[in-house]
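# Structural description and commentary
Residue-level listing of the chains:
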Amino acid sequence: MTELDKLLAGEPFDFYAPEMVAMRKNAERLLRQIAQTESEQQAPLWRELFGALGEGSWVRAPLFCEYGKSIRIGDHSFLNAGVTLLDGTAITIGNHVLVGPNVQFYGATHPIDHIERRDWTARWKPIFIEDDVWIGGNAVIFQGVTIGARSIVGAGAVVLKDVPPDTIVGGNPARIIRQIGPGDR
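The structure presented is a predicted model; accordingly, all values stated were derived computationally and were not measured.

## As for the packing of aromatic side chains
- In total, this model carries six aromatic pairs according to the counting rule given.
- A centroid spacing of 6.1 Å and a plane angle of 85° characterise the contact between Phe13 and Tyr67, whose relative ring orientation is edge-to-face. Here Phe13 is found in the loop between helix H1 (3–8) and helix H2 (18–35), whereas its partner Tyr67 is found in the loop between strand E3 (63–65) and strand E4 (71–73), with 54 residues between them in sequence. Across this residue pair, the class does not change: Phe13 and Tyr67 are buried.
- Centroid distance Phe15 to Tyr16: 5.1 Å. Interplanar angle 85°. Geometry classified as edge-to-face.
- Exposure remark for Tyr16: the relative accessible area of 61% places this residue in the exposed category.
- Each residue in the set Phe13, Tyr67 and Trp124 is aromatic and connected to the rest through ring pairs, giving one cluster.

## Some points on the environment of Ile177
- Mapped onto the elements, Ile177 comes out in strand E19 (residues 175–179).
- Taking the C-alpha atoms as reference, Ile177 lies 43 Å from Tyr16; in sequence the two are 161 residues apart.
- Discounting residues that sit within four places of it in the chain, Ile177 has contacts with Ile168, Val169 and Gly170.

## As for the sheet that holds strand E1 (residues 52–53)
- Sheet architecture is open: five strands sit in the order E1-E4-E7-E12-E15, paired in parallel fashion. Pairing within the sheet leaves two strands with one partner each, and these edge strands are E1 and strand E15 (146–147).
- In the sheet, E4 pairs with strand E7 (residues 91–93) via three bridges, with the strands oriented parallel. Opposite Ile73, over in E7, you have Ile93 as the bridge partner.

## Regarding the environment of Lys25
- Positionally, Lys25 belongs in helix H2.
- On a C-alpha basis, the gap between Lys25 and Glu40 in space is 24 Å, while along the polypeptide they are 15 residues apart.

## Observations concerning the sheet that holds strand E2 (residues 58–59)
- Taking strand neighbours across the sheet as the criterion, the seven strands line up as E2-E5-E8-E13-E16-E18-E19 in an open arrangement whose pairing is mixed. At either margin of the open sheet sits one strand with a lone partner, and together these are E2 and E19.
- Relative to strand E18 (residues 167–170), strand E16 (residues 152–153) runs parallel, the two being bridged by two bridges. For Ile152, the partnering residue across the bridge sits in E18 and is Ile168.

Thresholds applied
- Along each chain, numbering runs from 1 in the same order as the chain's sequence is written.
- Totals for whole chains, interfaces and linings use all residues, but because this is a predicted model, local features are given only for residues with pLDDT of at least 70 and pairs of side-chain atoms are given and counted only at 80 or more.
- Computation of side-chain values covers all heavy atoms of the structure but excludes hydrogens and water.
- Each Phe, Tyr or Trp ring (for Trp, its six-membered ring) is paired with any other whose centre lies within 6.5 Å, and the angle between the two planes then decides the class: stacked below 30 degrees, edge-to-face above 60, tilted in between.
- By definition, any uninterrupted DSSP run of H or I lasting at least four residues is a helix, any uninterrupted run of E lasting at least two residues is a strand, and each is numbered from the N terminus.
- Only protein chains enter the calculation, and the probe is 1.4 Å; a residue is then buried if its accessible area is under 20% of its type maximum, exposed if over 50%, and partly exposed in between.
- The contact criterion used is simple: two residues touch if any of their non-hydrogen atoms lie within 4.5 Å.
- Whether two strands pair depends on DSSP finding at least two bridges between them.

Below is the structure:
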């Protein structure tokens, strides 16, 4: 099993393994190249960076990620400028998803114990964004969170727990504001 396979499976992986170092360096190189490329010509570079980039999806630079290959974006989705994806775990973004500017996806956390933190110990859990979700600008999505289909995350929300489908959440920490019903369509 490769270190990337371990990362994607949510298992501990060797941050310093040559495979992972090369992947980080490649992501840095591609992100620099994307920043120097006209937006209409960036699609091949995004496809090289990410594990998957669906048909009709569009990503605006700048974007930050560590590896790239652990990020999968579905069809017809949009990531606005300034998005950060801490992708030492799988981050999956579905189809027809809108991600506002400066949204942050935090796939990692660190131990409470300060002695463990001295070794930069990290724990990773995947993030799943289901289809037709809208995430407002400056929202923060934490590790292990699933945002259910057709939900809306308000601007500036800090999402620590799963969001059920057809739900509007907002605030810090995010809480349910209301359900989305048939009359809202």
